[in-house]
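What follows is each chain in one-letter form.
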Amino acid sequence: MPRGSRYAASAVQRFGLVGLPNSGKSSLFNALTGGDSPVAPYAFTTVDTHLGEAKVADERLDLVAATSGSAKVTPATVQFSDIGGLAAGAARGEGLGNRFLGGIREVDAAVLVLRAFGSEEVEGIDDPLESLLALELELCLADLESLERQVERKRRQAKGDASAGTEVARMARAAEILAGGTPLWRGDLTEGERALLAPCFLLTNKPAVAVVNVGEEAPSAEVEAAVTEVSSALGGAETLAVCARLEAEVAELPETERAEMAESLGLGAGALARLVAASYRALGLRTFFTTAPKETRAWPFAAGSTADVCAGLVHTDFQRGFIRAETIQWAELLEAGSWSAARAAGRLRAEGRSYVVQDGDVLEIRFNV
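What you see is a predicted model, and the numbers here were worked out from it, not measured in a lab. As a convention, each chain's residues are numbered from 1 in the sequence order in which they are written. Totals for whole chains, interfaces and linings use all residues, but because this is a predicted model, local features are given only for residues with pLDDT of at least 70 and pairs of side-chain atoms are given and counted only at 80 or more. Excluding hydrogens and water, the side-chain figures rest on all heavy atoms present in the structure.

## Points about the pattern of salt bridges
The cut-off we apply is this: When a carboxyl oxygen of Asp or Glu is within 4 Å of a side-chain nitrogen of Lys or Arg, the pair counts as a salt bridge. Each helix is a run of DSSP H or I of at least 4 residues and each strand a run of E of at least 2, with the numbering of both proceeding from the N terminus. Partly exposed residues are those whose accessible area sits between 20% and 50% of the maximum for their type, while under 20% is buried and over 50% is exposed, using a 1.4 Å probe and protein chains only.
In this structure the tally under the stated criterion is 22 salt bridges. Two residues, arginine 343 and glutamate 326, come together in a salt bridge whose shortest N-O distance is 2.6 Å. Of this pair, arginine 343 sits in helix H14 (residues 339–344) while glutamate 326 sits in strand S10 (residues 322–329), placing them 17 residues apart in sequence. Exposure remark for glutamate 326: the relative accessible area of 12% places this residue in the buried category. One continuous salt-bridge network, built from bridges that share partners, spans Glu326, Arg343, Glu364 and Arg366.

## Considerations on the nonpolar core
Operational definition: Residues belong to a common nonpolar core when they are buried Ala, Val, Leu, Ile, Met, Phe, Trp, Tyr or Cys residues joined through side-chain atoms within 4.5 Å. Residues are treated as being in contact if the distance between any of their heavy atoms lies within 4.5 Å.
Formed by 35 residues in total, the largest nonpolar core has its most connected members in Leu28 and Phe80. Beyond its immediate stretch of four places on either side in the chain, leucine 28 contacts Leu17, Val113, Val211, Val242, Ala244 and Ala271.

## Side note on unusual backbone geometry
The phi angle at asparagine 22 is positive, at roughly 65°, despite the residue not being glycine. Tracing the chain through its elements places asparagine 22 in the loop between strand S1 (13–19) and helix H1 (25–33). One non-glycine residue, phenylalanine 201, lies in the positive phi region at around 55°. For phenylalanine 201, the location among the structural elements is in the loop between helix H6 (191–196) and strand S6 (208–214).

## Comments concerning helix H8 (residues 244–251)
Burial of H8 is extensive: 6 of the 8 residues sit out of reach of the surface. For H8, the complete set of buried residues consists of Ala244, Leu246, Glu247, Ala248, Val250 and Ala251.

## Comments concerning the sheet that holds S6
Spelled out, the test is: A strand pair is defined by DSSP finding two or more bridges across the two strands. Between N-to-C directions, angles span 0 to 180 degrees; the directions come from axes that are lines fitted to C-alpha atoms, helices contributing only their stretch in contact.
In space, the 6 strands of this open sheet follow the order S2-S4-S1-S5-S6-S7, with mixed pairing throughout. Edge positions in the sheet fall to strand S2 (50–55) and strand S7 (239–242), since each of these pairs with one other strand and no more. Strand-to-strand, the axes of this sheet are offset by a mean angle of 25°, without reference to chain direction. Note: S2 against strand S4 (residues 77–82), 6 bridges, orientation antiparallel. What sits directly across from histidine 50, in S4, is aspartate 82. The strands touched by H1 are S1, S2, S4, strand S5 (109–116), S6 and S7; relative to S4, the strand with the most contacts, the crossing angle is about 160°. Here helix H7 (residues 220–233) sits on the sheet in contact with S5, S6 and S7, set at roughly 150° to S7.

As structure tokens, then:
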């Protein structure tokens, strides 16, 4: 996703859970979404892509809602996609590879689920770094095959269009990186160069975070070492340690009992909050709010988006007929006590369409169509 673009914004983000067979993707999916993706100790339990939604916890939302006495409070939502396990040879279509790789192309960010627990009952690789390298190989091969076809088409176009030469060179450089077994997310391309490759829809050009799926009794020193090793191999990408099995068990409890059980098991904020936060950072997402007596709502947007683009997330007419946005930071609104009190105190700012919206802004859009 290009940073700083006037038009780089999206209302709902989809995160794809990608891993080898028996890595724990489906358990993690169930923990995140409260879904019922099948879980079994053998490969290809998941043969279809399962979609689920989850609410994004944001402690600021209820506080902003209180300033308006809102009847309804609507958090942001994200989608998670449970994609079938990628076996060796997936890039050649083996093990339902074509179907699974297609599922990855549809997501905004890849969540790499890497198993770090041994089991006599559950077959599969239990070394997270080995899992990562196996995944990356299949994704690189798939991207290389796709890119080579695209480069050939562009080269034919370049014969009659000199401007296409620069694009061909950029694509050829990416193909060279992939041919060396290096995914683009840890290659040496700049962020700007990767953004220009977005129309190629390459799997390893997506933002990525990693989840090391640990056992229930995993020693903390081993967990920390595995997280550090994986993060380093991914070029510093955010890496979380999660026990998907325990998280899934907690997700099955009534909502009133989950927090207490999660605390007793030492799960902290829980996988959902931690993974969404990491994924938001990987995608460069921020949050603004709208508030009124009827509803207060959280809206995710791409960092660098302007006021008219964010207005369009609320309603397309708001962007088309944008006049101005009245805005205040959420903490300032709390200090004022209410929107009307903030206006009376002169704390609301009138911003034009080119204003770059900040994380935590509360917006009221003025428009005319």
